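Residue-level structural notes
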Amino acid sequence: MSTSASQTPTNDPQAREHLYKLVNDFRQGLLITRGEHGLRSRPMAFKKATDSDGIWMFSDDRSPKNKEILANSEVNISCQSQDKWISVSGTATILKDRAKVEELFTEDDKLWFPDGKQSPNLTLIHVRPSAAEIWDGSGIMRKVHFMVSAVGHYINEEKFSQKANEIVDNTKIAM
């Protein structure tokens with residue numbers, strides 16, 4: 001899956017499967033919307049993420065993010081760990097789907113919605129991805145290569161080059 005930054009996005013089912021596995025592994029990330037004064041990011045928990053059904057989150061229907069999504073449905077979801085990063089662009093919708101709430105609601109969600117599944121302001125944010133990008137720098141050989149490259153650049157007082165930074169797998173995915 002390693003590619004250059006100018007690559008053509010892939011529609012490979014394995015790449016898509018890898019993306020959704022990462023989203024589910026992260027379990028939370030930043031939801032970026034466009035507000036009245038520009039872009040806004042806020043942490044969100046992912047309730048479910050599948051290729052066939054998109055990405056699901058809960059939200060309060062009085063929240064600014066719901067208003068922003070209703071005004072402009074284009075969103076981005078961004079997640080990162082120490083050695084993996086994903087960016088997912090897509091279209092969001094706000095739903096009050098009781099069957100989906102029943103399926104996704106857990107005891108942990110009562111922290112945000114104390115009335116449980118019956119919380120009057122409970123809504124779902126459903127994101128249908130249109131494009132995604134993954135950077136995966138996991139694996140011991142990548143870490144060793146990075147350390148050797150970084151130390152070499154430091155000793156030689158050289159700027160850390162893009163070539164040295166190409167030790168991560170970068171995959172662009174068309175959804």
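Residues numbered from 1 in each chain as written. Predicted model: local features only at pLDDT ≥ 70, side-chain atom pairs only at ≥ 80, totals over all residues. Heavy atoms only, no water.

**A look at the environment of Phe113**
Of note, Phe113 is situated in the loop between helix H3 (98–104) and strand E7 (122–136). A relative accessible area of 8% places Phe113 in the buried class. The spatial distance from the C-alpha of Phe113 to the C-alpha of Phe58 is 9.4 Å, given a sequence separation of 55 residues. Contacts of Phe113, omitting those with residues within four sequence positions, involve Phe58, Ser59, Asp60, Phe105, Ser119, Asn121 and Leu122. (Helix = DSSP H or I, 4+ residues; strand = E, 2+ residues; numbered from the N terminus. Buried < 20%, exposed > 50% of the residue type's maximum accessible area, 1.4 Å probe, protein only. Contact = heavy atoms within 4.5 Å.)

**Considering helix H2 (residues 64–71)**
Taken together, the buried positions of H2 are occupied by Lys65, Asn66, Glu68 and Ile69. Looking straight down H2, one finds that the buried residues subtend no more than 160° of arc, so they occupy a single side. Opposite the buried face of H2, by more than 90 degrees, sit the exposed residues Lys67, Leu70 and Ala71. Looking at the packing, one finds that the buried side of H2 touches strand E1 (28–35), strand E2 (38–45), strand E4 (54–60), strand E5 (74–80), strand E6 (84–95) and E7. (Arc of directions from axis to C-beta.)

**Comments concerning the nonpolar core**
Counting residues in each nonpolar core, the largest one holds 24 residues, and the members touching the most others are Leu19, Ile55, Met57 and Ile77. Put simply, the parts of the chain that give this core at least two residues each are helix H1 (13–26), E4, E5, E6 and E7. Among the nonpolar cores identified, the runner-up in size contains eight residues, and Phe58, Leu104, Phe105 and Phe113 belong to it. (Core = buried A, V, L, I, M, F, W, Y, C linked by side-chain atoms within 4.5 Å.)

**What about a nonpolar patch on the surface?**
Among the surface-exposed residues, Val151, Tyr154 and Ile155 lie close enough to one another that they form a single nonpolar patch of about 370 Å² accessible area. As for its position among the elements, Val151 is in helix H4 (residues 140–155). Residue classification places Val151 among the partly exposed residues on the basis of a relative accessible area of 41%. (Patch = residues over 30% accessible without salt bridge, like charges linked within 9 Å, V, L, I, M, F, W, Y side chains within 5 Å. Areas by Shrake-Rupley, 256 points an atom, 1.4 Å probe, with all protein chains shown as cover. Salt bridge = Lys/Arg side-chain N within 4 Å of Asp/Glu carboxyl O.)

**Here's the deal with the packing of aromatic side chains**
In total, this model carries two aromatic pairs according to the counting rule given. Considering the side-chain rings of Phe58 and Phe105, the 5.6 Å spacing of their centres and the 50° angle between planes classify their relative orientation as tilted. Of this pair, Phe58 sits in strand E4 while Phe105 is found in the loop between H3 and E7, placing the two residues 47 residues apart along the sequence. We classify Phe58 as buried; its relative accessible area is 9%. Since its relative accessible area comes to 10%, Phe105 is described here as buried. (Phe/Tyr/Trp six-rings, centres within 6.5 Å; stacked < 30°, edge-to-face > 60°.)

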